[in-house]
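These are the residues of each chain, in order.
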Amino acid sequence: MHVFVTGASGFIGRAVVAELIAAGHEVTGLARSEASASVVKGLGANVRRGDLDDLDQIRQGADAADGVVHLANKHDWVHIEVSNHAERTSVQAIADTLAGSDRPFALASGLALPGLGRASTERDPNPAVGPDSPRGGAENLALTYADRGVRVMPVRFAPTVHGEDDHGFISIIAQAARRRGASVYPGEGLNRWPAVHRSDAARLVRLGLENAPAGSILHAAAEEGVPVRGIAEALADRLGVPAKSAPAEQVADEIPFIGGFLAADFPTTSKITRDLLGWRPTGPTLLEDIAAGHYDQP
């Protein structure tokens, strides 16, 4: 099929584009700059210039494709309402364009469902509803199109989609450890974060696009939960600094935005996803990637 991918030049997007092309699909990637366009072309994909604020280009890209993968996000942690608005409007633009066509639409979502007292599953509803909620409530908005002729599937990515060249959460935590001279974890550090290697995440996106029924919620979590203390200690070993406990409030202050999540405990299963699509993660674990030195450099 011909797949339109937003966020095609990003860390996850590059892996998804490569996975789709290797499986025989044609890809057009949305690129907001010449540098991004060059990356997309280098992967063997076509380029459509535009960004999340250019809804006409997004609609045209979706209309010309047999399916859509939406991965782009502004990631503006300072003005999170800007990111949330862009996420909701772009998802609505894509879904409106695909309505009535039965074409597949995979969109990135998150796994942050702490406080359940158990591992979250694909059947747990996302509490983010409405334009003022996290990600603009885009997952729940998209799911309303499952009955409107869109084969929509939210892909809930683990907070740590890891691998070489990762500049996401773990990289930011590593940078904070360099600045502080210690790798800190909140309290006892027994709370758990799910994780997935980006190659496994990319394969899941492709499998979902090809086979998932409308309204499927997919969990991109290869590891149910890695203790945060283990993450901190692995980074400490690589960076040559001590691992130390600190109050959760202090960690939140020292690592803006992300530090507030470090104390959250949200183990997550992906059994339903695995059974539905035959997805079997094979990539390195998070601690293996840290040990491999992928987070050594700023």
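Our structure is the block above this text.
Worth saying up front: this structure is predicted, and the values here are computed from it rather than measured.

So, how was this worked out
Residues numbered from 1 in each chain as written. Predicted model: local features only at pLDDT ≥ 70, side-chain atom pairs only at ≥ 80, totals over all residues. Heavy atoms only, no water. Helix = DSSP H or I, 4+ residues; strand = E, 2+ residues; numbered from the N terminus. Rg over C-alpha atoms; globule rule 2.2 N^0.38 Å. Buried < 20%, exposed > 50% of the residue type's maximum accessible area, 1.4 Å probe, protein only. Contact = heavy atoms within 4.5 Å. Areas by Shrake-Rupley, 256 points an atom, 1.4 Å probe, with all protein chains shown as cover. Lys, Arg positive; Asp, Glu negative; His and termini not counted. Charge placed at Lys NZ, Arg CZ, Asp CG, Glu CD. Expected span 1.5 Å × (residues − 1). Pairing = 2+ DSSP bridges. Axes fitted to C-alpha atoms, helices over the stretch in contact; angles between N-to-C directions. Salt bridge = Lys/Arg side-chain N within 4 Å of Asp/Glu carboxyl O. Polar contact = N/O pair within 3.5 Å; in protein donor to acceptor, adjacent residues only side chain to side chain. Patch = residues over 30% accessible without salt bridge, like charges linked within 9 Å, V, L, I, M, F, W, Y side chains within 5 Å.

**Concerning the overall build of the protein chain**
Logical step 1: Scanning the protein chain from terminus to terminus reveals 11 helices and 12 strands.
Logical step 2: On C-alpha atoms alone, the protein chain measures out to a radius of gyration of 19 Å, which is about the 19 Å that the 2.2 N^0.38 rule sets for 298 residues.
Logical step 3: For the protein chain, with 298 residues in total, the buried portion stands at 52%.
Logical step 4: Within the protein chain, contacts between residues at least 6 apart in sequence are counted, and of these 78% link residues at least 24 apart.
Logical step 5: Surface summary for the protein chain: the accessible area is close to 12500 Å², and the carbon and sulfur share equals 50%.
Logical step 6: Seen as two clouds, the 28 positive and the 37 negative side-chain charges of the protein chain have centres 1 Å apart.

**Section: helix H4 (residues 80-98)**
Logical step 1: Taking 1.5 Å per residue as the helical rise, H4 with its 19 residues ought to reach 27 Å, and the 27 Å between its terminal C-alpha atoms agrees with that figure.
Logical step 2: Taken together, the buried positions of H4 are Ser 83, Asn 84, Ala 86, Glu 87, Arg 88, Ser 90, Val 91, Ala 93, Ile 94, Ala 95, Thr 97 and Leu 98.
Logical step 3: Those residues of H4 hidden inside the fold are in contact with helix H3 (55-63), strand S4 (67-70), strand S5 (103-110), helix H5 (138-143) and strand S6 (150-157).

**Some words on the sheet that holds strand S7 (residues 160-162)**
Logical step 1: Across the sheet, three strands lie side by side as S7-S9-S11; this open sheet has mixed pairing. One side of each edge strand has no neighbouring strand; the edge strands of this open sheet are S7 and strand S11 (223-227). Each adjacent strand pair in this sheet contributes to an overall mean axis angle of 45°, direction not counted.
Logical step 2: Both strand S9 (residues 192-197) and S11 contribute to a ladder of three bridges, which runs antiparallel. Along S11, the bridge assignment pairs Trp 193 with Val 226.

**Considering the sheet that holds strand S1 (residues 2-6)**
Logical step 1: Strand order in the open sheet made by the seven strands is S3-S2-S1-S4-S5-S6-S10, with parallel pairing throughout. Both edges of this open sheet fall to strand S3 (46-49) and strand S10 (218-220), since each of them pairs with a single strand only. For this sheet, the mean inter-axis angle between neighbouring strands, taken without regard to orientation, is 20°.
Logical step 2: Two elements, strand S2 (residues 26-31) and S3, share four bridges in a ladder whose sense is parallel. Residue pairing in the sheet places Ala 31 in a bridge with Arg 49 of S3.
Logical step 3: On the sheet, helix H7 (residues 198-211) packs against S1, S4, S5, S6 and S10 and is oriented at approximately 165° with respect to S6.

**What to know about the side chain of Arg 103**
Logical step 1: In this fold, Arg 103 is placed in strand S5.
Logical step 2: Despite its burial, Arg 103 remains without a salt bridge, the nearest opposite charge being carried by Asp 63 at 4.2 Å.
Logical step 3: A polar side-chain atom of Arg 103 sits 2.7 Å from the main-chain carbonyl oxygen of Ala 65.
Logical step 4: Within the structure, Arg 103 has its side chain in polar contact with the side chain of Ser 101 (distance 2.9 Å).
Logical step 5: Setting aside anything within four residues of it in sequence, one finds Arg 103 in contact with Ala 62, Asp 63, Ala 65, Asp 66, Thr 97, Leu 98, Gly 149, Val 150 and Arg 151.

**A short note on a nonpolar patch on the surface**
Logical step 1: A contiguous nonpolar surface patch, about 210 Å² in accessible area, is contributed by Ile 80, Phe 257 and Phe 261.
Logical step 2: With relative accessibility at 31%, the residue Phe 261 sits in the partly exposed group.

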